[in-house]
Structures are given as C-alpha cells and as structure tokens.
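Structural characterization, general
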Amino acid sequence: MAGSSLDAVMTTIGLIGSGNIGSTVARLAVAAGYDVVVSNSRGPETLTALVESLGPRARAATAAEAAEAADVAVVTVPLSSYRQVPVEPLQGKVVIDTNNYYPDRDGRIEELDAESTTTSELLQEHLAGSRVVKGFNNIYVDHLAALPRPASDPDRSTLAIAGDDAAAKQTVGQFFDAIGYDALDVGPLAEGWRYQRDTTAYVMPYVQPGESHPDWSARPATAEVLRTALDAAKRYRDM
C-alpha cells in the first residue's frame, strides 16, 4: 500500500498494546514497509508467535522500549490502563489513540459520563508532552484488516482522525495513506466523541447494510459516507 510521502522504510511504529487492534495495525504497517515494535502488559516473551507471524521487520519489547523506539506510537490498551502508558519515552512524539469507553470493562469514569471530556483528551492529559491523535477506534478490527486499498482505488475507505496538533494529524494521515486508507480530519480532540462508541459513525459505516455482528461483512466507506455519519452524530447530540 505504498504511496505516501511518509518515508515508511525509515519509520518505526511502536505498539503500546498488541491485542486485536494493535496486532492488526502492526500487520498493516509491516505490509506497507514499516518496522514495528510490539508490546503488551505481560512481557515480550508472550509475543513470540505474533512477531514470528509479522516477519523480520517486527520485534517485541516492553512498553517503555516500544515507546522509545517509536517514531509514531499507537496506544491500544484498555481505557482503564491509560495511566500506565509510559510518558517520558513518548515526549514530543505523535501518538495514535485507538480507545473507546466501555464502562462494563473500564469501570465508570465520571468525566466521560458527564461528557466533560473525551477518551483521547484523557490520554493527552496523561501524555502532556506528546501529540495525541484519535484514530482506528471506529472500525471493527476484521474490517480494518479487510478494507485497505491503493490510493487510486475508488473503493478506498476513509478513517476519522481528531487532534489538537495539525502537523501530528498530517503525519497520521500519511501513515493511513501508506497502509491503504484516506483520513478525514474531524477537528480537535474534543470532537473525537463524534465517532466514539454508540454514535452513527462508529463501526456501521464499514458494515454491509442489513448485516449484524458477528456475521457482518466489510463494505468500503468513502469520505462522503463517513462525513454523513459524523454529521448525523452531531445532529443527534444537539437535539
């Protein structure tokens, strides 16, 4: 899926968390020519099988080591663990936040229940010296793996991003381009709620109409389709 102005060969993607989303992003990144460093909370030795499946561009490390090695980091841990994401090694770096709030998994978080902040703003507060961009959170993992297309493909899908730093969003857009997706800039991190869980822009733009989990198949979602879903989420909230 090459074709980005980002120099994939010289860029390392550090994965803080290597579950379903993290391992899928790692596979897409390796296929696009990036080096990846994967990590999880259980230790590098538990990632042997994943690294072997990814090939020679991948290695396992601790979360701090993955953060240190990363040119661009992807934080994909349960929201309840976001305060455990290493701070110092991510200073000044672009960090993609994939999180969503699941109270049954994460426990109740007062600020999110009150809608006074968003998940990515919480991570940005924790990583005050980093540049956080919200992404990868509104697409089902199997569809993320199935939908990459070359830049010239009319069925190329679009993923939403939000962030407070324009240059960071440009970097993430270039990464998305390299792995087979367009990016739609939704605005600052505070607008990230528009494609979080339980909104019209969450998962369903990439699902074949009439199908439901777990048997739903992927459909391409253009920028127009995604923009319509994002606008519907805003209209619903403003009612």
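What you see is a predicted model, and the numbers here were worked out from it, not measured in a lab.

What counts, and at which threshold
Residues numbered from 1 in each chain as written. Predicted model: local features only at pLDDT ≥ 70, side-chain atom pairs only at ≥ 80, totals over all residues. Heavy atoms only, no water. Helix = DSSP H or I, 4+ residues; strand = E, 2+ residues; numbered from the N terminus. Contact = heavy atoms within 4.5 Å. pLDDT = per-residue confidence, 0-100. Core = buried A, V, L, I, M, F, W, Y, C linked by side-chain atoms within 4.5 Å. Buried < 20%, exposed > 50% of the residue type's maximum accessible area, 1.4 Å probe, protein only. Phe/Tyr/Trp six-rings, centres within 6.5 Å; stacked < 30°, edge-to-face > 60°. Expected span 1.5 Å × (residues − 1). Pairing = 2+ DSSP bridges. Axes fitted to C-alpha atoms, helices over the stretch in contact; angles between N-to-C directions.

**Considering the environment of Val172**
Structurally, the position occupied by Val172 is in helix 8 (residues 166–179). Those residues in contact with Val172, other than ones at most four positions away along the chain, are Val94, Ile96, Val133 and Ile161.

**With respect to the confidence of the model for the protein**
Overall, the predicted model of the protein reaches an average pLDDT of 93, with 95% of residues at or above 70. Taken as a whole, residues 1–5 scores under 50 in pLDDT and shows 13 contacts with residues more than four places along the chain or in a different chain.

**Quick notes on the nonpolar core**
In terms of nonpolar packing, the biggest core is built from 47 residues, with Ile13, Val36, Val38, Phe136, Leu144, Phe175 and Phe176 touching the most fellow members. Each residue touching Leu144, except ones within four places of it in the same chain, is listed here: Ile21, Thr24, Val25, Leu28, Phe136, Ile139, Leu159 and Tyr181. Counting residues in each nonpolar core, the second largest holds 22 residues, with Ala73, Leu122, Leu123 and Leu189 among its members.

**Quick word on the packing of aromatic side chains**
Overall, the coordinates contain five aromatic pairs when judged by the stated rule. Between Phe136 and Phe176, the aromatic rings sit 4.7 Å apart at their centres with planes inclined by 50°, giving tilted as the arrangement. Taken together, the residues span a long stretch of sequence, with Phe136 in the loop between strand 6 (131–134) and helix 7 (141–146) and Phe176 in helix 8 at a distance of 40 residues. Taking relative accessible area as the criterion, Phe136 reaches 1% and is therefore assigned buried.

**Quick notes on helix 1 (residues 20–31)**
With 12 residues, helix 1 should cover 16 Å at 1.5 Å per step; its first-to-last C-alpha distance of 17 Å lies within 8% of that length. By the criterion of burial, helix 1 is predominantly enclosed, with nine of the 12 residues buried. Taken residue by residue, helix 1 has Ile21, Gly22, Ser23, Thr24, Val25, Ala26, Leu28, Ala29 and Val30 as its buried positions. Next to the buried residues of helix 1 lie strand 1 (12–16), strand 2 (35–39), helix 2 (48–54), strand 4 (72–75), helix 7 and helix 8. One or two positions beyond helix 1, positive phi appears at Gly33, with a value near 100°.

**Things to note about the sheet that holds strand 6**
Taken in spatial order, the eight strands line up as 3-2-1-4-5-6-7-8 in an open sheet, and their pairing is mixed. In the strand order of this sheet, the two ends are held by strand 3 (58–60) and strand 8 (182–185), each with one partner. When the angles between neighbouring strand axes are averaged without regard to direction, this sheet yields 25°. Looking at chain direction, strand 4 and strand 5 (residues 94–97) are connected through four bridges and run parallel.

**What to know about the side chain of Thr158**
Structurally, the position occupied by Thr158 is in strand 7 (residues 158–163). Excluding residues that lie within four positions of it along the chain, Thr158 makes contacts with Asp182, Ala183, Leu184, Tyr206, Ala221, Thr222, Ala223 and Leu226.

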